[in-house]
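# Overview (structure and organization)
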Amino acid sequence: MSYGNSLGLMVTDEEIAKELINYEEFKVDGKFNKNQYVNVLQQNRMSPQEFETSLKNSILFQKVQALFSIEPTPNEIENISKLLFIEDDITYKILTLNDVDVNSVDENELKKYFDENQNAYKSEVSYDLEIKEFPLSSSNSTQEDIKNHFDKFKSDYKFEDGKLKSFEEAKEEILKDLDENFSKKEALSLYLKLKKSEDNFDKKATYSETKIPFLPENVQKIKELKKEEILKPFFENNKFYIVKLAKLNPSVNLTFEQAKAKVIENYKLNLKAKKLDELAQNSLKDFKGNDATGVNRASAAKIKGLNEQEAIEFLGQLFASSTKEGIAKVGSKVVLYKIIDSKMASYDKAKDSFVRDEIKQVQNSDLLSNLLKKLENSIAIKTLMQTKE
């Protein structure tokens, strides 16, 4: 880094060594290992000298960067705080889609809208499935079977608070587990028969992607099947299910008639949004709304008729605006506003940390930007930086 060198900044061999030993890639058993270091660099087609030169330049850049880390003065923090948290007295009115009507729909305009947005109207992916159900069967476990299972897996039987259950307390649950284990073996045997076409599935059904009637993790497994592939038994609702994917029906474009109900809904929504914009423009000059005093960026609770996130979005637009009146779009809603009065906020020391960070971010960004522009014009620089992962 030519600029760093011109300032008399140096990087010592000791600083490079301290940085090297922090790389996990160069460690063996938690300690820096020279052979490991050389091997990793060779795998990346780099010599130790090249790597250490790039590391040196990276450290030097950090030192140059540190020179421009400026701490704002208390006076700067106080003045900027007053500006950042400037307070407005406003009048505002919220308009929604309910404030406009669309009575009739022109069929030709509707078809034109459909043609322009045809790719938005597609059928859902669907699956032709064949399903075999195998209900939970009794394992006819003896008292000895139940006791042996408990002795082997007693740590699995707990109350909600983590306390272990006694044999008697766990007995019913153990019996159910034994029945499930027994039924699973029987279901696997049935699965093999189905694969060999030695048995038949109980039913055939076609389900859209969002209507497959199983738990999400099992639906995902079904969706990953290949055509004619059979899924191993899974347990749901006290049954084992074996499912075969007979056919996947991909999404296709719907005809106008198939999509008409949704097209009408979307077209009306689009038309109402345009009418709402027109109403907002026509109402801005002389609207009468709600008053809110002492509003700043943190005054979401003062904006009635919007939820917290909507109010935050509105206030962001309000304080970014350079005009005394305007229109803010918040989701499907529109907010008309007029700024009646503005005043500096009272200084609040509790906000110093936030304000300090904002100032430093702007200062450092501007300084580094100007520095790099100067370097581009006056010094030939070669950037060799490597960020540790």
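The notes below deal with the structure included here. The model shown is predicted, which means the values in this text are computed figures rather than measured ones. (Residues numbered from 1 in each chain as written. Predicted model: local features only at pLDDT ≥ 70, side-chain atom pairs only at ≥ 80, totals over all residues. Heavy atoms only, no water.)

This part covers the side chain of Lys 132. Counting through the fold element by element, Lys 132 comes out in strand E4 (residues 126–135). Setting aside chain neighbours within four positions, we find Lys 132 in contact with Leu 190, Leu 194, Asp 199, Asn 200, Phe 201, Asp 202, Phe 240, Tyr 241 and Ile 242. (Helix = DSSP H or I, 4+ residues; strand = E, 2+ residues; numbered from the N terminus. Contact = heavy atoms within 4.5 Å.)

The next point concerns the sheet that holds strand E5 (residues 203–208). Strand order in this open sheet of four strands is E5-E4-E7-E6, and the pairing throughout is antiparallel. Edge positions in the sheet fall to E5 and strand E6 (230–236), since each has one partner strand and no second. When strand polarity is set aside, the average angle formed by the axes of neighbouring strands in this sheet is 35°. As paired strands, E4 and E5 are joined by six bridges and run antiparallel to one another. Each residue of the ladder has a partner; that of Ile 131, found in E5, is Lys 203. On the sheet, helix H9 (residues 216–223) packs against E4, E6 and strand E7 (239–249) and is oriented at approximately 175° with respect to E6. (Pairing = 2+ DSSP bridges. Axes fitted to C-alpha atoms, helices over the stretch in contact; angles between N-to-C directions.)

On a regular strand, each side chain points to the face opposite its neighbour's, so the side chains alternate between the two faces of the sheet. Two elements, strand E3 (residues 87–95) and strand E10 (residues 333–343), share nine bridges in a ladder whose sense is antiparallel. When the bridges of E10 are listed, Thr 91 appears paired with Lys 338. Between the antiparallel neighbours strand E9 (residues 325–330) and E10 lie two residues, among them Gly 331 with a positive phi of about 65°.

A sheet is described by the order of its strands in space; here four strands give the open sequence E8-E3-E10-E9, paired in antiparallel fashion. At either margin of the open sheet sits one strand with a lone partner, and together these are strand E8 (290–295) and E9. Strand after strand, the sheet turns through a mean of 30° between neighbouring axes, direction not considered. Along the sheet, helix H10 (residues 256–283) makes contact with E3, E9 and E10, crossing E10 at roughly 25°. Relative to E9, helix H11 (residues 308–320) is tilted by about 145°, and along the sheet it contacts E3, E8, E9 and E10.

For the rest of this paragraph, the subject is the pairing of E4. Of all 10 residues making up E4, seven are buried, and the element is well covered by its neighbours. Relative to E7, E4 runs antiparallel, the two being bridged by 10 bridges. When the sheet's bridge partners are listed, Tyr 127 is paired in E7 with Leu 248. (Buried < 20%, exposed > 50% of the residue type's maximum accessible area, 1.4 Å probe, protein only.)

As a further point, take H10. The largest bend along H10 measures about 45° and falls at Lys 262. Three or more residues of H10 are buried, namely Phe 256, Ala 259, Val 263, Tyr 267, Leu 276, Ala 280 and Ser 283. (Bend = angle between axes of the 7 residues up to and from the residue.)

Orientation of helix H7 (residues 143–153) relative to helix H8 (residues 167–195), taken along the N-to-C sense of each, is 100°, at an axis distance of 9 Å. The pairing of H7 with H8 is recorded here as roughly perpendicular in orientation. On the side of H7, the interface is formed by Gln 143, Asp 145, Ile 146, Lys 147, His 149 and Phe 150, while H8 contributes Phe 167, Ala 170, Lys 171, Ile 174, Leu 175, Asp 177, Leu 178 and Asn 181. Of the residues assigned to the contact of H7 with H8, the class counts are seven nonpolar, three polar and four charged. (Parallel < 35°, antiparallel > 145°, perpendicular 65-115°, else oblique. Nonpolar A, V, L, I, M, F, W, Y, C, P; charged D, E, K, R; others polar.)

Counted by the stated rule, this structure contains 16 aromatic pairs. For the ring pair Phe 26 and Tyr 37, a centre distance of 4.9 Å and an interplane angle of 75° mean the geometry is edge-to-face. Of this pair, Phe 26 sits in the loop between helix H2 (13–20) and strand E1 (27–28) while Tyr 37 sits in helix H3 (residues 34–43), placing them 11 residues apart in sequence. Here the aromatic rings of Phe 314 and Tyr 337 are separated by 6.0 Å at their centres, their planes lie at 65°, and the arrangement is edge-to-face. (Phe/Tyr/Trp six-rings, centres within 6.5 Å; stacked < 30°, edge-to-face > 60°.)

The next thing to look at is the pattern of salt bridges. Counted under the stated rule, the structure contains 14 salt bridges. Here Lys 132 and Asp 199 are joined by a salt bridge, their closest N and O atoms 3.7 Å apart. In this pair, Lys 132 sits in strand E4 while Asp 199 sits in the loop between H8 and E5, placing the two residues 67 residues apart along the sequence. On the basis of relative accessibility, which here comes to 29%, the residue Asp 199 falls in the partly exposed class. For Lys 165, the salt bridge is made with Glu 173, and the minimal N-O distance between the two is 3.0 Å. The exposure class assigned to Lys 165 is buried, which follows from its relative accessible area of 18%. In this structure, a network of salt bridges that share partners links the residues Lys 132, Asp 199 and Asp 202. (Salt bridge = Lys/Arg side-chain N within 4 Å of Asp/Glu carboxyl O.)

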